[in-house]
Amino acid sequence: EALCNVVDNAVKYTPAGGRVTISAQMLDSFCRVDVADTGPGIPEEEQAQIFSRFYRGAAVREQEGLGLGLYLTRRILTSEGGYIRVSSQPGKGSTFSLYLPLE
């Protein structure tokens, strides 16, 4: 469910002709899944807020959505012993890294 939420967001917020890339890497105690997109990106001052319930960034407020996907993703991962990170720059897209525990 967590991965589906992040992929859904990447597809939803990447404009036509853009690209969404999914990759995975095994670490010591986690499997890291990266979902990268060529969407609008997220300003640094919004990055901590995007995981809050009902938060919608300024660049995507006009698009469909409730602001629950990333909130639920974080809750799901945390409940299973994992976590999520974001790396993003406006105009250069975003990469969401999901750390899924191996046990």
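Located above this text is the structure these notes cover.
Residues numbered from 1 in each chain as written. Predicted model: local features only at pLDDT ≥ 70, side-chain atom pairs only at ≥ 80, totals over all residues. Heavy atoms only, no water.

1. Focus: the sheet that holds strand β1 (residues 20-26)
- Strand order across the open sheet formed by four strands is β1-β2-β4-β3, with antiparallel pairing between neighbours. The open sheet terminates on both sides in strands that have one partner only, identified here as β1 and β3 (83-89). Averaged over all pairs of adjacent strands, the angle between strand axes in this sheet comes to 15°, irrespective of strand direction.
- Packing of helix α1 (residues 2-13) onto the sheet brings it into contact with β1, β2 (30-37), β3 and β4 (93-101), and relative to β2 it is tilted by some 15°. (Pairing = 2+ DSSP bridges. Helix = DSSP H or I, 4+ residues; strand = E, 2+ residues; numbered from the N terminus. Axes fitted to C-alpha atoms, helices over the stretch in contact; angles between N-to-C directions. Contact = heavy atoms within 4.5 Å.)

2. Some thoughts on the pairing of β1
- Pairing between β1 and β2: seven bridges, direction antiparallel. If you follow T21 over to β2, its bridge partner there is A36.
- The antiparallel hairpin formed by β1 and β2 contains three residues in its connecting segment.

3. Comments concerning the environment of L70
- With respect to the helices and strands, the residue L70 is situated in helix α2 (residues 69-79).
- Considered as a pair, L70 and N5 are 65 residues apart in the sequence and their alpha carbons are 7.0 Å apart.
- If sequence neighbours within four positions are ignored, L70 has contacts with V6, N9, I50, F51 and F96.

4. Examining the environment of E103
- Relative to the helices and strands, E103 is located in the segment after β4.
- Taking the C-alpha atoms as reference points, E103 and F30, separated by 73 residues in sequence, lie 8.4 Å from one another.

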